[in-house]
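# Architecture at a glance
Below are the chains, spelled out letter by letter.
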Amino acid sequence: MNIVVLVKQVPDTESPRKLKSDDSTLDRAAADGVINELDEYAIEEALRIKEAHGGEVTVLTMGPGKATDSIRKSLAMGADKAVHLVDDGLAGSDALQTSYALQQVLGRTGFDLVILGSESTDARTGVLAAMLAERLGVAQVSLANKVEIDGSAIKAQRQTDYGFDRVEASLPAVVSVVEKINEPRYPSFKGIMAAKKKPVETLGLGDAGIDAAQVGLANAATEVVDFAEAPPRAKGEIVTDEGDGGVKIAEFLASKKFV
Amino acid sequence: MAEILVLVDHVDGEVKKVALELLTLANRLGEAAAVWVGPGYENAKDKLGEYGAGKVYVAADEELTSYVVAPKAALLAQLVADKSPAAVLVAATGEGKEVAGRLAVKTGSGVLTDVVDVTDGFVAEHSIFGGGIIAHAKVKTGTPIIAVRPNSVAPEAAPATPAEEQVSVALSDADKGAKIVEKVVQEKGERPDLTEAAIVVSGGRGVGGAENFSIIEGLADSLGGAVGASRAATDAGWYPHSFQVGQTGKTVSPQLYIAVGISGAIQHRAGMQTSKTIVAINKDPEAPIFELVDYGIVGDLFQVAPQLTEEITKRK
């Protein structure tokens, strides 16, 4: 089983996240980079599938040089190798372009399964799995909270607003996962040491056969017009309960016509 | 004026509130044309007309809802080609965003998701980084495809008699890649959907156990609201994961959000920060949730919440 896990390095949500004033793209220098949290669940699921069915887990990252931190952690968790798509020409690509660039790389690596988190904590578009399935012409098994592989068949539970759908497909497939699916493992010391010896292939646009005219900020299908910090919320009233806290909230709610 | 396609979010004919919000928004930008996919249109017809759908494209073929997402995108792509709408609006739900993504690839168009408002020229407003930054963006290429977050627009009645047009699309093998073999509806009782509710009451670590969530449910029910939970509570198994509000859970934007026993870690704040009015009950006066609130009580939730429920019930 050839499993490719898509891992995005994102700014740590615990640190200040900003956009750059000159081109409205993410200011990667402002915050520490970490693996997008849901992608850790994707790595974990890939490792579990490999442990049950054999095969190889490749981590694929598109991002600047700093993204090697996320690659190293993925390898330390247990992925076998990594591909890092890094090129200045990719900077500012939107979701549509990112899906195109990743499609080109996936054409090189081949895959039975592509696994990724259902959305990233920075852009939160939640479209990449669907876009990739569309581009690759394979099954979309997205928002999965449970996945079972049986030969070339995949059975999954897809999280919905009303509960879940049971979904069946044949491999190859693109699978996106939600947090409920598993509990990601921590890299062991042995894993961290082993990661240093694992192969990391670095690709630029030309290596991956990506048309430079289809990626990058200038060619994006969307643009940020402007941005500003949200106005701070007016300071609310905070009261210590003296036995009538519930009544006080009710009065507040009544003043706002909620009751 | 040009047509704006609105993909109607519904469960077996029961129209979701967000669809009415999108019709309202579409009529501000052009002429709302609803797109109905799957069974149940007859039951929904009047409601769509009531909220201003001047036209409805009806694709009743059940096959279109038998596979994950792709058929809906195929249908919309065909409508985009045939009707040249000025834009396509979908709900920024998990499924809505995925339809938008596939449609963007099919039509070579830009897509904007998790949008909180759209103004003239299809400039979309986003609330990003957990509500810290307001950004405006637009689509440069193709037909603007915009996924709008539920509860961002107040639905307005605008009675119309929809002109109906039956439509269909031939599905490719790729569209049939992932078959839905069973839909499992989980009991939620009489409570409104979390992402659609005007009022949400959420419980966190301070609730202390699954059995105590009845306090949260009681308060939510007294207000006719939905129940949510912080990640600490869902991870502990006190409440189902599908009710998690936060960065790895659902984003909610209700009129009123009441956080009970929730400290307000960034993980949680990212999912509720755009709520219009925020109330918190927490015994820790230093809890970060108090930075967000319109009204906060520093106190024991086991005293304050039941008293609040009682008081609300009394005032009804």
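Located above this text is the structure these notes cover.
Residues numbered from 1 in each chain as written. Chains lettered and ligands numbered in written order. Predicted model: local features only at pLDDT ≥ 70, side-chain atom pairs only at ≥ 80, totals over all residues. Heavy atoms only, no water.

### A few points about the overall build of chain A
- Along the backbone of chain A there are seven helices and 13 strands.
- By its C-alpha atoms, chain A is 65 × 45 × 40 Å across when sized along the principal axes.
- Burial status across chain A gives 53% buried among its 259 residues.
- Of all intrachain contacts in chain A linking residues separated by at least 6 positions in sequence, the fraction that spans at least 24 positions is 73%.
- Total accessible area on chain A stands at roughly 11,100 Å², and carbon and sulfur atoms take up 49% of it.
- Side chains of chain A give 29 positive and 40 negative charges; the mean places of these two sets differ by 4 Å. (Helix = DSSP H or I, 4+ residues; strand = E, 2+ residues; numbered from the N terminus. Buried < 20%, exposed > 50% of the residue type's maximum accessible area, 1.4 Å probe, protein only. Contact = heavy atoms within 4.5 Å. Areas by Shrake-Rupley, 256 points an atom, 1.4 Å probe, with all protein chains shown as cover. Lys, Arg positive; Asp, Glu negative; His and termini not counted. Charge placed at Lys NZ, Arg CZ, Asp CG, Glu CD.)

### Let's talk about the sheet that holds strand β14 (residues 226-229) of chain B
- With parallel pairing, six strands are arranged side by side in an open sheet as β13(A)-β17(B)-β16(B)-β15(B)-β13(B)-β14(B). One side of each edge strand has no neighbouring strand; the edge strands of this open sheet are β13 (237-240) of chain A together with β14 of chain B. Within this sheet the neighbouring strands show an average axis-to-axis angle of 15°, counted without direction.
- In terms of strand pairing, strand β13 (residues 199-203) of chain B meets strand β15 (residues 256-260) of chain B through five bridges, oriented parallel. (Pairing = 2+ DSSP bridges. Axes fitted to C-alpha atoms, helices over the stretch in contact; angles between N-to-C directions.)

### Points about the interface of chain A and chain B
- Listed per partner, the contact involves 78 residues of chain A and 86 residues of chain B.
- Between chain A and chain B the total buried area reaches about 7,100 Å² when both faces are included, carbon and sulfur atoms providing 57% of it.
- Area buried by chain A at its contact with chain B is led by Arg 124, Tyr 162 and Arg 233 of chain A, which between them contribute 11% of it.
- The interface formed by chain A and chain B includes nine salt bridges.
- Across the pair Lys 97 of chain B and Glu 119 of chain A runs a salt bridge, and its minimum N-O distance is 2.9 Å.
- For the interface between chain A and chain B, the tally reads 42 residue pairs in polar contact (both at pLDDT 80 or more).
- With 10 residues, helix α7 (residues 245-255) of chain A is the largest single contributor of residues to the side of chain A that touches chain B.
- Here strand β9 (residues 163-170) of chain A runs beside strand β12 (residues 178-185) of chain B; their pairing, made up of seven bridges, is antiparallel. (Buried area = accessible area lost by both parts, 1.4 Å probe. Salt bridge = Lys/Arg side-chain N within 4 Å of Asp/Glu carboxyl O. Polar contact = N/O pair within 3.5 Å; in protein donor to acceptor, adjacent residues only side chain to side chain.)

### Thoughts on a negative patch on the surface
- A surface patch of negative charge is lined by Asp 12, Glu 14, Asp 61 and Glu 62 of chain B.
- Mapping Asp 61 of chain B onto the fold places it in the loop between β5 (55-59) and α3 (70-83). (Patch = residues over 30% accessible without salt bridge, like charges linked within 9 Å, V, L, I, M, F, W, Y side chains within 5 Å.)

### Some remarks on unusual backbone geometry
Residues and elements named next belong to chain A.
- In the segment running from Leu 171 into Pro 172, the intervening peptide bond is cis, with an omega of 0°.
- Along the polypeptide, Pro 172 turns up in the loop between β9 and β10 (173-177).
- A positive phi angle, close to 65°, is found at Lys 257, a residue other than glycine.
- Locating Lys 257 in the fold gives a position in the segment after α7.
- The class of Lys 257 is exposed, set by a relative accessible area of 74%.

### Here we look at the packing of helix α5 (residues 213-223) of chain B against helix α8 (residues 301-315) of chain B
All names here are of chain B.
- In the contact formed by α5 and α8, the axes pass within 9 Å of each other and the chain directions differ by 25°. Taken together, the axes of α5 and α8 lie roughly parallel to each other. The interaxial crossing formed by α5 with α8 has left-handed handedness. On the side of α5, the interface is formed by Ile 215, Gly 218, Leu 219, Ser 222 and Leu 223, while α8 contributes Phe 302, Ala 305, Pro 306, Leu 308, Thr 309, Ile 312 and Thr 313.
- Among the residues forming the contact of α5 with α8, the class breakdown is eight nonpolar, four polar and no charged. (Parallel < 35°, antiparallel > 145°, perpendicular 65-115°, else oblique. Left-handed = near helix turned anticlockwise from the far one by under 90°. Nonpolar A, V, L, I, M, F, W, Y, C, P; charged D, E, K, R; others polar.)

### Considering the sheet that holds strand β4 (residues 31-37) of chain B
- Ordered by their spatial adjacency, 10 strands build an open sheet running β12(A)-β9(B)-β8(B)-β7(B)-β10(B)-β6(B)-β1(B)-β4(B)-β5(B)-β11(B), and the pairing between neighbours is mixed. Looking at the sheet topology across the chains shown, the edges are occupied by β12 (222-229) of chain A together with β11 (163-166) of chain B. Taken over all neighbouring pairs, the strand axes of this sheet differ in orientation by 35° on average, direction set aside.
- By the bridge criterion, four bridges tie strand β6 (residues 87-91) of chain B to strand β10 (residues 145-148) of chain B in an arrangement that is parallel. Along β10 of chain B, the bridge assignment pairs Val 90 of chain B with Ala 147 of chain B.
- In the packing of helix α2 (residues 41-50) of chain B onto the sheet, contacts are made with β4, β5 and β11 of chain B, and the angle to β4 of chain B comes to roughly 165°.

### What to know about the pattern of salt bridges
- Here the structure, examined in full by the defined rule, presents 36 salt bridges over all chains.
- A single salt-bridge network, built from bridges that share partners, covers Glu 37 and Glu 179 of chain A together with Arg 231 and Asp 235 of chain B.

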